[in-house]
Amino acid sequence: MNKNINTILHYHNTTKHSPSRYARSLGYMDWATQPNPFREYKGSQKLLLPLALNYPTPPYMLLDTDLPDAPLCKESLSQLLQFSMGIAAYKTTGSDQWAVRCNASSGNLHPTESYIVLPPVQDLPHSHVGIYHYAPKNHELELLCDIQSDFFQTLPKGSMLLGLSSIAWREVWKYGERAFRYVHLDAGHALQSVVVAAKLLGWKATRITNLHDMQLDTLFGLDQTERFCEKEHADMLLVLSPHKVSSTLDITPLLATLPQHFAGYANQLSPQMHPWELIDTIIETTHAQERPKPQITTHRVVRTPTKESKEVIMKRRSVHVMDSSLSTLTQEQFHTILLSVAKPLDEHPAVTHLTLFLHRVEGYEKGLYLLVRNNDHLKELQQLMYNDFLWQKTPFENLYLLQKEDYRFASKAISCSQAIASDGAFSLGMLTRFSQELELYGEHRYKELYWECGAIGQQLYLEATSLGCSGTGIGCFLDDTMHSLLGLKGNQYQTLYHFTVGRGFVDSRIMTLPPYPKREH
Ligand SMILES: Cc1cc2nc3c(=O)[nH]c(=O)nc-3n(C[C@H](O)[C@H](O)[C@H](O)COP(=O)(O)O)c2cc1C
């Protein structure tokens with residue numbers, strides 16, 4: 001086996017939580033080094049975007065239909081960014097106040113940053129091709145450079161590029177060695193947030209698969225290390241366009257025209273950082289590799305009438321206490337939630353399946369179920385899991401009942417004793433094809449597996465919210481305890497992210513305030 005894959009397997013195994021040992025972290029909150037959640041490029045030209053809160057958005061049920069495409073202009077850009085990476089609300093209790101965003105993030109630490117590359121757009125300060133950082137704190141763009149290039153002639157009119165990057169330190173500060181996993185789950189959440197916000201504008205998001213991370217670092221100026229105190233690494237590039245485009249793109253002409261120094265210096269996020277050698281190793285190992293070749297698939301979800309999309313996006317929140325007496329879902333609601341994630345969320349074939357603990361769903365017995373999201377893996381899963389599992393078909397396509405039992409105790413124990421996993425309607429683990437994926441596609445695939453799980457998480461949050469329910473991502477779980485419960489040995493499949501859905505208690509001590517309050521006044 002290739003040395004880098006071994007490094008990844010070592011990282012993955014070392015950062016598992018088990019009943020006797022949690023993955024290594026500081027073990028306390030070092031408030032003195034708490035990172036600033038808002039990146040800012042000091043000295044860059046800023047452009048305040050208009051707030052999109054009053055713009056109408058289509059009903060959420062139309063999300064997967066072909067909506068009319070909006071022109072690329074200041075207003076559509078504002079809507080795209082605000083409803084994906086923007087602040088959704090401020091929360092306040094006593095003297096504490098903190099921002100929550102449209103994209104969920106582990107511990108609300110928000111390691112994911114976003115950059116855009118634009119052709120000329122009216123009222124924007126660049127004249128040729130503009131590269132900007134999006135700063136959610138004030139909902140503004142920061143111009144990093146304006147370059148002479150005819151790059152956009154190769155793409156359909158109205159197309160733009162959007163890149164996502166990560167500042168791992170923001171998560172490492174709190175979660176230590178396991179944090180790299182959360183960073184890339186968060187990147188997946190951000191990816192799906194952008195995909196959904198683009199759909200509302202009638203735009204299609206295509207993730208580009210032929211670029212190296214280092215090319216993307218260059219595109220966003222992240223390799224100009226003198227401009228940064230804390231390292232930031234590029235993760236992915238999307239083309240957003242009224243039309244579906246190829247998932248390969250030649251950005252070399254664009255890279256060739258970039259200036260050596262972009263405008264602005266990145267603000268320092270922490271006065272100092274704790275070193276984590278294992279984190280440096282996993283970042284380096286998974287950076288800069290070729291991407292796997294996608295196979296193209298498409299799908300549609302049928303939804304019943306619901307709220308306006310922006311209401312769903314802005315109201316999405318995690319719950320920290322589930323109310324079991326209110327958490328029962330009807331079969332129809334359960335099916336709507338499953339349907340939204342049953343097929344791949346982008347062009348890439350699904351490699352993640354859902355192991356569900358059903359506690360309170362009408363028409364379903366309490367028990368352990370498996371939603372197979374890619375039938376090519378069914379036989380393999382049947383061979384690897386306990387051979388006395390039932391594999392009984394259910395009314396939902398590709399959802400199998402494996403075992404009838406009350407899993408409330410087990411699901412809570414597996415989720416680091418968090419009751420949100422047992423007190424809701426159901427909780428689940430995202431079981432991902434693992435070692436073969438790394439061997440087939442290389443080191444970079446480790447991050448992409450987490451992106452797929454994060455994207456599923458973001459979609460589950462939205463779907464639950466649209467039905468008046470809530471969800472919460474669960475990054476804290478006992479990896480191998482879950483594997484043992486399924487009868488899995490070895491690492492062909494690994495559980496990478498857990499999630500719970502139900503109805504939560506509203507904490508009346510925490511008040512919700514609007515986002516960008518100063519600007520509304
Ligand atoms: C990858 C990920 C892992 C998470 N893990 C947990 C968890 O183990 N327990 C928990 O109570 N919340 C967990 N959360 C919820 C976050 O704490 C929550 O998203 C964050 O505080 C922001 O709040 P919001 O979702 O309401 O915007 C997780 C969220 C994400 C995205």
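These figures come from a predicted structure and were not determined experimentally.

Calculation criteria
Residues numbered from 1 in each chain as written. Predicted model: local features only at pLDDT ≥ 70, side-chain atom pairs only at ≥ 80, totals over all residues. Heavy atoms only, no water. Disulfide = S-S within 2.5 Å. Helix = DSSP H or I, 4+ residues; strand = E, 2+ residues; numbered from the N terminus. Pairing = 2+ DSSP bridges. Axes fitted to C-alpha atoms, helices over the stretch in contact; angles between N-to-C directions. Core = buried A, V, L, I, M, F, W, Y, C linked by side-chain atoms within 4.5 Å. Buried < 20%, exposed > 50% of the residue type's maximum accessible area, 1.4 Å probe, protein only. Domains from an automatic or database assignment. Contact = heavy atoms within 4.5 Å. Near = heavy atom within 4 Å. Polar contact = N/O pair within 3.5 Å; in protein donor to acceptor, adjacent residues only side chain to side chain. Areas by Shrake-Rupley, 256 points an atom, 1.4 Å probe, with all protein chains shown as cover. Nonpolar A, V, L, I, M, F, W, Y, C, P; charged D, E, K, R; others polar. Parallel < 35°, antiparallel > 145°, perpendicular 65-115°, else oblique. Left-handed = near helix turned anticlockwise from the far one by under 90°. Phe/Tyr/Trp six-rings, centres within 6.5 Å; stacked < 30°, edge-to-face > 60°. Lys NZ or Arg CZ within 6 Å of the ring centre and 35° of its normal. Buried area = accessible area lost by both parts, 1.4 Å probe. Salt bridge = Lys/Arg side-chain N within 4 Å of Asp/Glu carboxyl O.

This brings us to the state of the cysteines. If you walk through the whole model with that rule in mind, you get 1 disulfide. Here Cys416 engages in a disulfide with Cys476; their sulfurs sit 2.2 Å apart. Judged by the torsion about the S-S bond (-95 degrees), the Cys416/Cys476 disulfide is left-handed. One end of the pair, Cys416, is in the loop between helix H11 (408–414) and helix H12 (420–423); the other, Cys476, is in the loop between strand S17 (470–474) and helix H15 (479–486), and 60 residues separate them in sequence. This cysteine, Cys453, is not joined by any disulfide, and Cys476 carries the nearest cysteine sulfur, 16 Å off.

This next bit is on the sheet that holds strand S3 (residues 87–93). Across the sheet, which stays open at both edges, the 3 strands sit in the order S4-S3-S19 with antiparallel pairing between neighbours. Across the chains shown, the open sheet's two edge strands, defined by having one partner strand only, are strand S4 (96–101) and strand S19 (511–513). Geometrically, the sheet is characterised by an average inter-axis angle of 30 degrees between neighbouring strands, direction not taken into account. Bridge count between S3 and S19: 3 bridges; the pairing is antiparallel. The residue of S19 that forms the bridge with Tyr90 is Leu513.

Attention shifts here to the nonpolar core. By size, the foremost hydrophobic cluster in this structure holds 61 residues, and its most contacted members are Phe334, Leu356, Leu399, Phe426, Met430 and Tyr446. Ranked by the residues each element gives to this core, the list is headed by helix H14 (residues 445–466), at 9 residues. Built from parts of two domains, this core gets at least three residues from each of domain 1 (38–283) and domain 2 (320–502). In this structure, Phe426 is in contact with Leu329, Phe334, Ile337, Leu356, Phe357, Leu358, His359, Val361, Phe499, Thr500 and Val501, ignoring residues within four places of it in sequence. Of all hydrophobic cores here, the second largest spans 52 residues; its members include Tyr134, Leu238, Ile313 and Met314.

Here we come to the site of the ligand. As a structural note, the neighbourhood of the ligand is formed by 23 residues, with Arg316, Ser318, Gln418, Gly473 and Gly475 the closest of them. In this structure, an oxygen atom belonging to the ligand sits 2.9 Å away from a side-chain N or O atom of Arg316. One of the side-chain N or O atoms of Arg317 is found 2.9 Å from an oxygen atom in the ligand. Protein coverage of the free-state accessible area of the ligand, which is 620 Å², stands at 89%. Broken down by secondary-structure element, the contributors of at least two residues to the shell around the ligand are S4, helix H4 (179–200) and S17. Partitioned by chemical class, the residues of the shell around the ligand number 8 nonpolar, 11 polar and 4 charged. When residues of the shell around the ligand are sorted by domain, at least three fall in each of domain 1 (38–283) and domain 2 (320–502).

Interhelical geometry of helix H1 (residues 3–14) versus helix H7 (residues 277–286) gives an angle of 140 degrees and a closest axis separation of 10 Å. Relative to H7, the element H1 lies oblique. As for how H1 packs across H7, the hand of that crossing is left-handed. Judged by residue contacts, Asn4, Thr7, Ile8, His10, Tyr11 and Thr14 of H1 engage Leu278, Ile279, Thr281, Ile282, Thr285 and Thr286 from H7.

Below, the discussion takes up the packing of aromatic side chains. Counted by the stated rule, this structure contains 18 aromatic pairs. Judged by centre distance (4.9 Å) and plane angle (85 degrees), the rings of Tyr461 and Phe499 are edge-to-face. You can see Tyr461 sitting in helix H14 and its partner Phe499 sitting in strand S18 (residues 493–502), a full 38 residues away along the chain. Judged by its relative accessible area of 4%, Tyr461 falls in the buried class. In textbook terms, an aromatic cluster arises when at least three aromatic residues are bridged by ring pairs, as seen for Tyr11, Phe180, Phe434, Tyr446 and Tyr450. Of note, Arg178 hangs over the ring of Phe477, and the distance from its end group to the ring centre comes to 4.8 Å. We note Arg316 situated over the ring of Tyr461; from NZ or CZ to the ring centre the distance is 4.6 Å.

Our focus in this paragraph is the side chain of Thr285. Within the secondary structure, Thr285 sits in helix H7. Residue Thr285 is classed as buried on the basis of its relative accessible area, which comes to 9%. At a separation of 2.6 Å, a polar atom in the side chain of Thr285 contacts the main-chain carbonyl oxygen of Thr281. Discounting residues that sit within four places of it in the chain, Thr285 has contacts with Asn4, Thr7, Ile8 and Glu443.

Positionally, Leu144 belongs in strand S7 (residues 140–147). Judged by its relative accessible area of 2%, Leu144 falls in the buried class. The sequence separation of Leu144 and Gly264 amounts to 120 residues, and the corresponding C-alpha distance is 6.8 Å. Discounting residues that sit within four places of it in the chain, Leu144 has contacts with Tyr41, Tyr115, Ile131, Tyr132, His133, Phe220, Arg227, Phe262 and Ala263.

The domains assigned to the protein are domain 1 (38–283) and domain 2 (320–502). Spacing between the C-alpha centres of domain 1 and domain 2 amounts to 29 Å. Listed per partner, the contact involves 27 residues of domain 1 and 26 residues of domain 2. For the domain 1 and domain 2 pair, buried surface summed over both sides reaches about 2200 Å², with 55% attributable to carbon and sulfur atoms. Counting the surface domain 1 buries against domain 2, the share from its top three residues, Tyr60, Leu185 and Arg207, is 27%. On the surface where domain 1 and domain 2 come into contact, there are 6 salt bridges. Here Asp346 and Arg207 are joined by a salt bridge, their closest N and O atoms 3.4 Å apart.

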